[in-house]
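An overview of the molecular structure
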Amino acid sequence: MRFQRTRSPEGTLNPGRGSSLDRVCDEAPPGGLARSKARLYRSAMMAVTLQWSLRLIGLLSVYVLARLLSPDDFGVIGLAMATIALVEVFSFIGLRQALLRIAQPVRAHLDTAWTIQLLLFGTLGAVLVAVAPLAARLYDEPALEAVITVLATRFLFLGLVNIGIVDFDRHLQFGRDLRMRLGARLTGFAATLTAAVLLHSYWALVIGLVLQSAFLTAASYAAHPYRPRLSLARRGELLNVSGWMFLNSAAQMFHDQVERLLIGRVGTMHQLGLYSV
């Protein structure tokens, strides 16, 4: 289902009732509710299949790269990603959820969400560049400074991702979003594998991560016709979301990364690499 080009007199996009399931049912032709439900179930099954495909690619990636790179290489990247995660957690402010709560979003809502997303990730990328030398000194690992600085470019790509793809969630088109992410994961895996064969260095992992983010951004514009513009007109509505989303994400992120940070502080890169793999 494509993004609606037509608008109501108020400029509303995707007219319909508030619930995504309601809209799916409303769009079904007379007597076609069963077909609409079948289409919904197929979309859900495709989402599950693609999600498992992402996991399998991750397992295959670790299996292959563990034979091309050393534990020290994985240790450097593991510590860099743990440091980045502590900064990235501040991006979890619930913009997508805020958009999905709006029954009839107008273009200004989407433009504002994209602008906030761009400003937020741009700021966090700059913070990472500033934090990089501090992390290198804290963990006595000079390689961290360059690795974190290069990985900070991912935030520029993430900030530019087309906010229009939130429409896939609104219309329960889970497969379209996951196909896009699967393509990005495959691109990252191919780039990492090629670089690992040529370089035999942790830079292979860095290259793969950056190219994966770049492909995801490009794919988001190929997958959806919406083209964002700079605007902060509806910032009050989108930012007026309770802080539980951020707190929940921050707690989960800390739980996932605290062990790597501690091992990186008291252990060696070799030990951290073995733990990460």
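The structure contained in this document is the topic of the report that follows. Keep in mind the model is a prediction, meaning the values are calculated, not measured. (Residues numbered from 1 in each chain as written. Predicted model: local features only at pLDDT ≥ 70, side-chain atom pairs only at ≥ 80, totals over all residues. Heavy atoms only, no water.)

Overview of the nonpolar core
To keep it simple, the criterion reads: Throughout this description, the term nonpolar core refers to a set of buried Ala, Val, Leu, Ile, Met, Phe, Trp, Tyr and Cys residues connected via side-chain atoms within 4.5 Å. Only protein chains enter the accessibility calculation, which uses a 1.4 Å probe; a residue whose area is less than 20% of its type maximum is buried, one above 50% is exposed, and one in between is partly exposed. Strands here are runs of E lasting at least two residues and helices are runs of H or I lasting at least four, both read from the DSSP assignment and numbered beginning at the N terminus. Contacts are assigned to residue pairs that have any heavy atoms within 4.5 Å of one another.
The biggest cluster of nonpolar side chains holds 32 residues, and the ones touching the most others in it are L128, L144, V147, I148 and L151. Looking at this core, the elements with two or more residues in it are helix 3 (71–88), helix 5 (107–138), helix 6 (143–151), helix 7 (153–160), helix 9 (174–199) and helix 10 (203–223). Apart from residues lying up to four places away in sequence, V147 is in contact with V76, I77, A80, Y202, W203 and V206. L99, I102, L110 and A113 belong to the second largest nonpolar core, which has 12 residues in total.

Here's the deal with the packing of helix 5 against helix 6
For any two helices packed against each other, the geometry is given by the interaxial angle and the distance between the axes. Here is the rule: Axis geometry follows a simple rule: fit a line to the C-alpha atoms, using only the stretch in contact for helices, then measure angles between N-to-C directions, giving values from 0 to 180 degrees. Each angle is binned into one of four classes, with values under 35 degrees roughly parallel, values over 145 roughly antiparallel, values of 65 to 115 roughly perpendicular, and all other values oblique. Take the far helix as your reference; a near helix turned counterclockwise from it by less than a right angle gives a left-handed crossing, and one turned clockwise gives a right-handed crossing.
The interhelical angle for the contact between helix 5 and helix 6, taken along N-to-C directions, is 160°, at an axis separation of 7 Å. With respect to helix 6, the axis of helix 5 lies roughly antiparallel. Viewed along their axes, helix 5 and helix 6 form a crossing whose handedness is right-handed. Across the interface between the two elements, L128, V129, A132, P133, A135 and A136 from helix 5 touch L144, E145, I148 and T149 from helix 6.

Re helix 7
Helical geometry: 3.6 residues make up each α-helical turn, so side chains three or four residues apart lie on a common side. Heads up, the rule is: Our arc is simply the arc of the directions from the helix axis toward the C-beta atoms.
Those residues of helix 7 not exposed but buried are R154, F155, L158 and G159. When helix 7 is viewed along its axis, its buried side chains cluster within an angular range of 135° and face the same direction.

Comments concerning helix 3
Put simply, the test is: Expected span, for any helix, means 1.5 Å times one less than how many residues it has.
The first and last C-alpha atoms of helix 3 sit 25 Å apart over 18 residues, in line with the 26 Å expected at 1.5 Å per residue. Taken across its 18 residues, helix 3 has 14 buried, putting it largely inside the fold.

Quick word on the side chain of T217
Note on placement: T217 falls in helix 10. The class of T217 is buried, set by a relative accessible area of 8%. Beyond its immediate chain neighbours, meaning those up to four positions away, T217 contacts F157, L158, L160 and V161.

Some remarks on the packing of aromatic side chains
Spelled out, the test is: Two rings from Phe, Tyr or Trp (for Trp, the six-membered ring) form a pair when their centres are within 6.5 Å of each other. A pair whose planes differ by under 30 degrees is stacked, one over 60 is edge-to-face, and the rest are tilted. Whether a charge sits over a ring comes down to the Lys NZ or Arg CZ being within 6 Å of the ring centre and within 35 degrees of the ring normal.
As enumerated under the stated definition, the model contains two aromatic pairs in all. When the ring of F121 is compared with that of F155, the centres are 5.7 Å apart and the planes differ by 80°; the resulting orientation is edge-to-face. Taken as a pair, F121 in helix 5 and F155 in helix 7 lie far apart in primary sequence, 34 residues in all. For F155, a relative accessible area of 0% puts it in the buried group. Here Y202 and W203 contribute two aromatic rings whose centre-to-centre distance is 5.6 Å and whose plane-to-plane angle is 40°, an arrangement assigned as tilted. Given the relative accessible area of 18%, Y202 is considered buried. Judged by relative accessible area, which is 27%, W203 ranks as partly exposed. Over the face of the ring belonging to Y63 we find R67, whose NZ or CZ atom lies 4.0 Å from the ring centre.

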